[in-house]
Amino acid sequence: MDKNKLPIPSPGEYNFSGGRLYAGKLVCPSHAGTVEIVNVRLSGAGEAVVRVETDAGMGSGYEIELTETGIRIRGGGQGIYSAFSVLAALAGDSDSGYGSNGGNSWFPLGTISARPRYEYRGIMLDVSRHFFPKEEVMRLLDIMFRLRLNKFHWHIADDQGFRIALKNYPKLEEISSKRAYTARGGFGGGRKNDGIPYSGCYQEEDVREILAYAAVRGIEVIPELDMPGHMSAIIAAYPELSCGGEALAVPGDFGILDNVLCIGNDAALEFMGELVHALCDLFEAKTFHIGFDEVKLKRLKTCPKCRARMRSLGIKRVAGLKTYAKDRIKENLQKRGIRVIMYNDGMTEADPSVVCYHWLSIMGLLKKTIRRINQGQPAILANFSYLYMDYPYALTPLKKTYQFNPHFRDLTKPENILGLEAPLWTEFVEDHGKLAFNAYYRMAALAEVAWCGEARRSYSDFLTALRGREKYYFGEELKIPGEILDPPRGLARIGLLKKCLTRDMNAEYRLYRNQREKN
């Protein structure tokens, strides 16, 4: 059998006999919503019953047995959805390599089984910097299901916008979801503001619809409310939450801003606690990301309330205020049985009750994360130099993402690594085309890395299989050329990278669009 016709990520062990199971419809009452995702790819007469056996100990692992009389799936809670994802890839039309014969759909007879390298396999979408409507979010969830990714980390608020309309907090929609302009350019200096008003917000009904859509695909939605920094949009609506209480507008420029939550103000901390719980109620959250990265301390140092808090608690350094605020929010969430995640650069000590979200490795931070993991702290790896999906390919080639190996030196407790995540920050990702260009191929690479060990991976086989079935995985054919995905080293690459980072983060995307138009 042609291995390039196998689903991505590689399904593990398989043995096909050469026979066929013809079915125009699968029937599975226990997973009626999920089986319909497979059925939309089927045609012709006949039904086949899918029998599901749950084995909680298998996690995301699964076994599939396809016989002439039906299909048997055995797996953990996540493994059941993994199995349906594989069935969807094997079924349907000509892009599957199986599928149809004169309009009658069929599956290959045999067995397939696999267990993932990591149980946590996720992506993050930032909708603060640029808003993406629920249809775009659902399209991402579809791709995640096909690639057997199971965690959708939703960055719903930052300095540039709060994106959930909560009925008990009307100012968050009226004020925090809108800004007067957006910065254009690159990460370097010289950015220009476009002067165009920008807004976007999900209604509570939108969130519930997205949650239901994710649930039938076996995907957990993890909301994030970053604090005590990155809160300018919230402070614009509620200035009393900040140290100075000054009125401010929602900013349209990016970076690490001075506006922070006043940790010396009990009312401000109580407000944030109540807002977090309101979001947990809406999302029916099992896991919540509280941020705590990139907090500027300047205003905390001079704030009378914060200094009084330090004296009353015996805190000698202002950074201790972050620990106090973190513990207060964390403990309230844990009382509800909610698992807490926070960024590694916001941590001051190992805390096994919190999941360390490792993104930043500079200035000894990777060593600190490894030490925390070895001390028993669970971790999610989202290393920015490998897994950030907003970066140009000239900086992070696709092959580099595919070759990410978390077997760090001095790591003695790799079992404490929960899994991997690829974030998509959207300062310079403003529409579907740029999102697809930056993220889709990298999502597939992440899925393969998070599912398969090095021995089961081949970059050339992966890329051939991906290009052969782009329409299935992504709903469209991107056909990003190899010289963009994996640019050769040299002056041309350096020049393009410099242009992207300093002046125009869309330069690489425009190059791709121009090439497509010529072809």
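Residues numbered from 1 in each chain as written. Predicted model: local features only at pLDDT ≥ 70, side-chain atom pairs only at ≥ 80, totals over all residues. Heavy atoms only, no water.

Peer 1: What should I look at first to understand the sheet that holds strand β21 (residues 354-358) in this one?
Peer 2: Two modes of strand pairing occur in sheets, parallel and antiparallel, and in both the strands are linked by backbone hydrogen bonds. Around the barrel, eight strands lie side by side as β8-β9-β18-β19-β20-β21-β22-β23; this closed barrel has parallel pairing. Going across the sheet, the axis of each strand differs from the next one's by a mean of 30°, ignoring polarity. Judged from the six bridges that link them, strand β8 (residues 120-126) and strand β23 (residues 417-424) form a sheet pairing that is parallel. Its bridge partner being in β23, tyrosine 120 is matched across the sheet by glycine 419. Along the sheet face, helix α7 (residues 266-283) touches β9 (151-155), β18 (220-227) and β19 (287-291) and points at about 165° away from the line of β18. Docked against the sheet, helix α11 (residues 365-374) engages β21, β22 (379-381) and β23, running at close to 150° with respect to β21. (Pairing = 2+ DSSP bridges. Helix = DSSP H or I, 4+ residues; strand = E, 2+ residues; numbered from the N terminus. Axes fitted to C-alpha atoms, helices over the stretch in contact; angles between N-to-C directions. Contact = heavy atoms within 4.5 Å.)

Peer 1: I tried to follow the nonpolar core on my own but got confused; where do I start?
Peer 2: Among soluble globular proteins, nonpolar side chains are generally buried collectively. Ranked by size, the top nonpolar core spans 152 residues in total, and within it Leu26, Leu225, Phe283 and Met443 carry the most contacts. Of the residues forming this core, the biggest block, 14 residues, is contributed by helix α14 (residues 432-451). What methionine 443 contacts, discounting residues up to four positions off in sequence, is Ile123, Leu140, Ile143, Met144, Leu147, Leu149 and Met389. (Core = buried A, V, L, I, M, F, W, Y, C linked by side-chain atoms within 4.5 Å. Buried < 20%, exposed > 50% of the residue type's maximum accessible area, 1.4 Å probe, protein only.)

Peer 1: What should I look at first to understand the packing of aromatic side chains in this one?
Peer 2: For any pair of aromatic rings, geometry is given as the distance between the ring centres together with the angle between the planes. Scanning the model with the defined rule gives 30 aromatic pairs in all. Aromatic side chains phenylalanine 131 and tyrosine 202 sit 4.5 Å apart centroid to centroid with 45° between the ring planes, which places their arrangement in the tilted category. Of the two residues, phenylalanine 131 sits in the loop between β8 and α3 (134-146) while tyrosine 202 sits in strand β17 (residues 202-203), which places them 71 residues apart along the sequence. Across the pair, exposure class does not vary: phenylalanine 131 and tyrosine 202 are buried alike. Arranged with centres 6.5 Å apart and planes meeting at 50°, the rings of tyrosine 388 and tryptophan 425 form a pair that is tilted. Placement of the pair is tyrosine 388 in the loop between α12 (384-387) and α13 (398-402) and tryptophan 425 in the loop between β23 and α14, with a sequence separation of 37 residues. Across this residue pair, the class does not change: tyrosine 388 and tryptophan 425 are buried. Among the aromatic side chains, those forming a connected cluster through ring pairs are Phe187, Phe254, Trp359, Phe384, Tyr388, Tyr391, Trp425 and Phe428. (Phe/Tyr/Trp six-rings, centres within 6.5 Å; stacked < 30°, edge-to-face > 60°.)

Peer 1: Before we go on, may I ask you to explain the packing of helix α18 (residues 491-502) against helix α19 (residues 507-518) in this structure?
Peer 2: Helix packing geometry: the angle between the two helix axes and the distance between the axes. Orientation of α18 relative to α19, taken along the N-to-C sense of each, is 120°, at an axis distance of 8 Å. When the axes of α18 and α19 are compared, the pair comes out oblique. Along its contact with α18, which presents Leu496, Lys499 and Cys500, the element α19 presents Ala507, Glu508 and Leu511. (Parallel < 35°, antiparallel > 145°, perpendicular 65-115°, else oblique.)

Peer 1: Just to check I follow, could you spell out the pattern of salt bridges for this structure?
Peer 2: Once the charged atoms of two side chains with opposite charge are near each other, the side chains can pair. All told, the structure shown has 32 salt bridges when counted by the stated rule. Glutamate 454 is paired through a salt bridge with arginine 117; the nearest N and O atoms lie 3.1 Å apart. Placement of glutamate 454 in the loop between α14 and α15 (459-468) and of arginine 117 in the loop between β7 (104-114) and β8 is noted, with a sequence separation of 337 residues between them. Among the salt bridges present, the one from lysine 479 reaches glutamate 477, with a minimum N-O distance of 3.8 Å. When salt bridges with common partners are traced through the structure, they connect Lys326, Asp327, Lys330, Glu349 and Asp351 into a single cluster. (Salt bridge = Lys/Arg side-chain N within 4 Å of Asp/Glu carboxyl O.)

Peer 1: In this structure, what is going on with the side chain of glutamate 508? I would like to understand it.
Peer 2: Here glutamate 508 is to be found in helix α19. No salt bridge is formed by the buried glutamate 508; its nearest oppositely charged neighbour, arginine 442, is found at 5.8 Å. A polar contact of 2.7 Å, which involves the side chain of glutamate 508, links it to the backbone nitrogen of tyrosine 393. Every residue in contact with glutamate 508, bar those within four places of it in the chain, is listed here: Pro392, Tyr393, Ala394, Phe437, Ile484, Leu496 and Cys500. (Lys, Arg positive; Asp, Glu negative; His and termini not counted. Polar contact = N/O pair within 3.5 Å; in protein donor to acceptor, adjacent residues only side chain to side chain.)

Peer 1: Would you mind going over the pairing of strand β20 (residues 339-343) with me for this structure?
Peer 2: Along a regular strand, successive side chains alternate from one face of the sheet to the other. Burial within β20 is extensive, with four of its five residues counted as buried. Sheet topology places β19 next to β20; three bridges connect them, and they run parallel. Bridge assignment links histidine 289 to a residue of β20, and that residue is isoleucine 341. Pairing of β20 with β21, which is carried by four bridges, proceeds in the parallel orientation. Residue pairing in the sheet places methionine 342 in a bridge with cysteine 356 of β21.

Peer 1: Can you help me understand the packing of α14 against α15 in this one?
Peer 2: Running from N to C, α14 and α15 point in directions that differ by 130°, and their axes come no closer than 11 Å. Taken together, the axes of α14 and α15 are oblique relative to one another. At the point where α14 passes α15, the crossing takes the right-handed sense. Here Tyr441, Ala444, Ala445 and Glu448 of α14 come into contact with α15, specifically with Phe462, Leu466 and Arg467. Counted by class, the contact of α14 with α15 contains five nonpolar, no polar and two charged residues. (Left-handed = near helix turned anticlockwise from the far one by under 90°. Nonpolar A, V, L, I, M, F, W, Y, C, P; charged D, E, K, R; others polar.)

Peer 1: What exactly am I supposed to notice about the side chain of threonine 396 here?
Peer 2: Among the structural elements, threonine 396 can be located in the loop between α12 and α13. Excluding its chain neighbours within four sequence positions, the residues that come into contact with threonine 396 are Ser385, Tyr386, Tyr391, Thr401 and Arg442.

Peer 1: Teacher, can you tell me more about the environment of phenylalanine 283 here?
Peer 2: Mapped onto the fold, phenylalanine 283 is located in helix α7. The spacing of phenylalanine 283 and isoleucine 210 is 73 residues in sequence and 9.8 Å in space, taken between C-alpha atoms. With near-sequence residues (within four places) excluded, phenylalanine 283 lies in contact with Trp154, Ile156, Ile164, Val207, Leu211, Val221 and Pro223.

Peer 1: Explain unusual backbone geometry here, please?
Peer 2: A negative phi angle characterises most non-glycine residues, just as the trans form characterises most peptide bonds. The peptide bond linking isoleucine 8 to proline 9 adopts the cis configuration, its omega dihedral lying at 0°. Locating proline 9 in the fold gives a position in the segment before β1 (13-22). Backbone geometry places arginine 148, a non-glycine residue, at a positive phi of 60°. Following the sequence through the fold, arginine 148 ends up in the loop between α3 and β9.

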